[in-house]
Structure formats: C-alpha cells, structure tokens
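Remarks on the overall topology
Below are the chains, spelled out letter by letter.
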Amino acid sequence: MHLRTDLDRSVRQRIPLLLLGFIFCAGIFGNAAVVLAQKVPEENTNSQPKKVYDLPSGGGKSADEDDDFTEVIPIFGSEIYADSLYICIEQTEWMKGERTAVISTEFSGLITSLSKHARFGAIAFNDQIHSYQHLPVFAVTSHRTAAKLWEPARERQDGASLAEALERTLELAHRDQTKHRAVALIIDDRYAQGEIPLNFATVLGQQNRDFLPIHIFFVSGGDPDPGLQDICRQISSFTGGRFRTIGIQPQPGQPPLPPPTPPSPSCPGD
C-alpha cells in the first residue's frame, strides 16, 4: 500500500517537469519554423548589410515586414536611407552627351548597391513617360540587371513632362507599403518649351499623400530656370528630402535654352 502511494506521488511530481519540457521543445521548433518562413525571394546576391535607423514613418506596412532596418543608398555623393527607392529620370535632348553618361553610370551604381531586401521602381521621361515596371519590384539579380539595361535604352527626345512623371513616380511609390520609402528625382534645370510647370500645392497636397521624402538632383549648366529651381528646393525641403545641384554643362551644339518659366503662384512665399 505504501509502495503504491509513493509511486503515485512520484508520477504527480514528474508531470509538471514533462509539461515544461514539452513547452520548451515546442518553442524551439516554432522559432525554427519562423526563421525558415522569413526567406527573401532570391538566394544571396548582394552582401551589403542593412543598418538600423530611427526614421519617421513613410506610410503603412504589412504585418510581417521589419520596420527597423533601412538600406544605405549612395547617390551623387549623398546617401539616402530607405527600404524602397523610386527614381524619376529626365531623358530629354538637354540630357545628351556627358550628362547622359554621368546619369547612366550613377543609376547603374545605385541599382547595384541595392540589396535583395530592397524594393524599387523607375520612371524615365521626355515627351513621353516610360516605366521600368508598373509595380514595385524586389532588387533581385534579374530586376537589377534588367533595370540597368532599360535606363539607357531610349534616345533622348525633345519635350518633357516633369509634372506627370513625378505624379507617376509617386503613384508607384504609394503602391508599396514598406515603412521607409523615398523618391529621387534627377532632372535638367529648365522646363521644355510649353511644358506644364510643377505645382507645389498639387505635389504636396494631393500626389504625395504619404508625405514621402523627395530628393532632387538638379543637373545644371550654371544658368537654371529660377522658377523650377525654387519649387524643387521647396518640395525637397518640405518633404524632408535633399536638394543638390549637379554641375554639368549641356552638350555643345544644343538648341538654344528654353526661356525661364515664371514661378507658380501656388508656391509658398510667392
């Protein structure tokens, strides 16, 4: 009788230990399953590490995205911190020659620097709008290679559509739900003849609804359109982006510069 009582007591004492062991094992297997599930869409293609930054939110995100890490993206001697980058490039006649070569080299290096974790999109414009893809894409090897072939593939054409191109770039960026998104605009320092000017209120109030930083790289030969320069400075400043002038003269033999366009009355301070 005493033997049975001791046996029962021993069994009761072991039950909590068995339960703790079961919970511990379940936790180990659960963590392993999470790690296996968090794969990126391609094998290792770029060893660039991500870094941690305390950045302001740039919009919504899905529940499984890591919102603490950002890419460090080099561009024209500056750095942009973002999970996703959306690039808008002018490809007009005024971008021929050295300007084309410098911008294409910069674009190629920028795309190469992205890790496979980053998303990106690209828009090129002259008198038409050209999209690399109509949706954001991961910077896996296939997309990086295709984008670097896509950018220099078109002849530089007369005419421009900067306002529409920026709107399309922002639309593309808003289809991405990554927390830290940014837009980079690489443009000439003059509007084309008869081109619709940028409208500060429209860009900031309607198109950039997630208040993404807009970084503007202003390719100038030293005599910029003051109206375009002012509004670009204001857009980059109000969105928390950078404005930088890239000094490259137009190719010799270009047609005369278009006349300056008066600043838009919707710009702050006008």
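The text that follows walks through the structure, step by step, so that each part is easy to find. Please read all numbers here as calculations on a predicted model, not as lab measurements. (Residues numbered from 1 in each chain as written. Predicted model: local features only at pLDDT ≥ 70, side-chain atom pairs only at ≥ 80, totals over all residues. Heavy atoms only, no water.)

**Re the pattern of salt bridges**
According to the stated counting rule, one finds five salt bridges in the structure shown. With a shortest N-O distance of 2.7 Å, Arg-99 and Asp-188 are connected by a salt bridge. Note that Arg-99 is positioned in helix H2 (residues 98–113) and Asp-188 in strand S8 (residues 181–188), a separation of 89 residues in sequence. Taking the relative accessible area as the measure of exposure, Arg-99 reaches 0% and is therefore buried. Look at Asp-188 and you get buried, because its relative accessible area is 2%. A salt bridge links Asp-210 to Arg-181, with the nearest nitrogen and oxygen atoms 3.1 Å apart. Taken together, the residues span a long stretch of sequence, with Asp-210 in the loop between helix H5 (200–207) and strand S9 (214–220) and Arg-181 in strand S8 at a distance of 29 residues. (Salt bridge = Lys/Arg side-chain N within 4 Å of Asp/Glu carboxyl O. Helix = DSSP H or I, 4+ residues; strand = E, 2+ residues; numbered from the N terminus. Buried < 20%, exposed > 50% of the residue type's maximum accessible area, 1.4 Å probe, protein only.)

**Side note on the pairing of strand S5 (residues 119–125)**
Counting buried residues along S5, seven of its seven residues qualify, which places the element largely inside the surrounding structure. Side chains of S5 alternate between two faces, with Arg-119, Gly-121, Ile-123 and Phe-125 and Phe-120, Ala-122 and Ala-124 buried alike. Two elements, strand S4 (residues 84–90) and S5, share seven bridges in a ladder whose sense is parallel. Residue pairing for S5: Ser-84 is matched across the bridge by Arg-119. (Pairing = 2+ DSSP bridges.)

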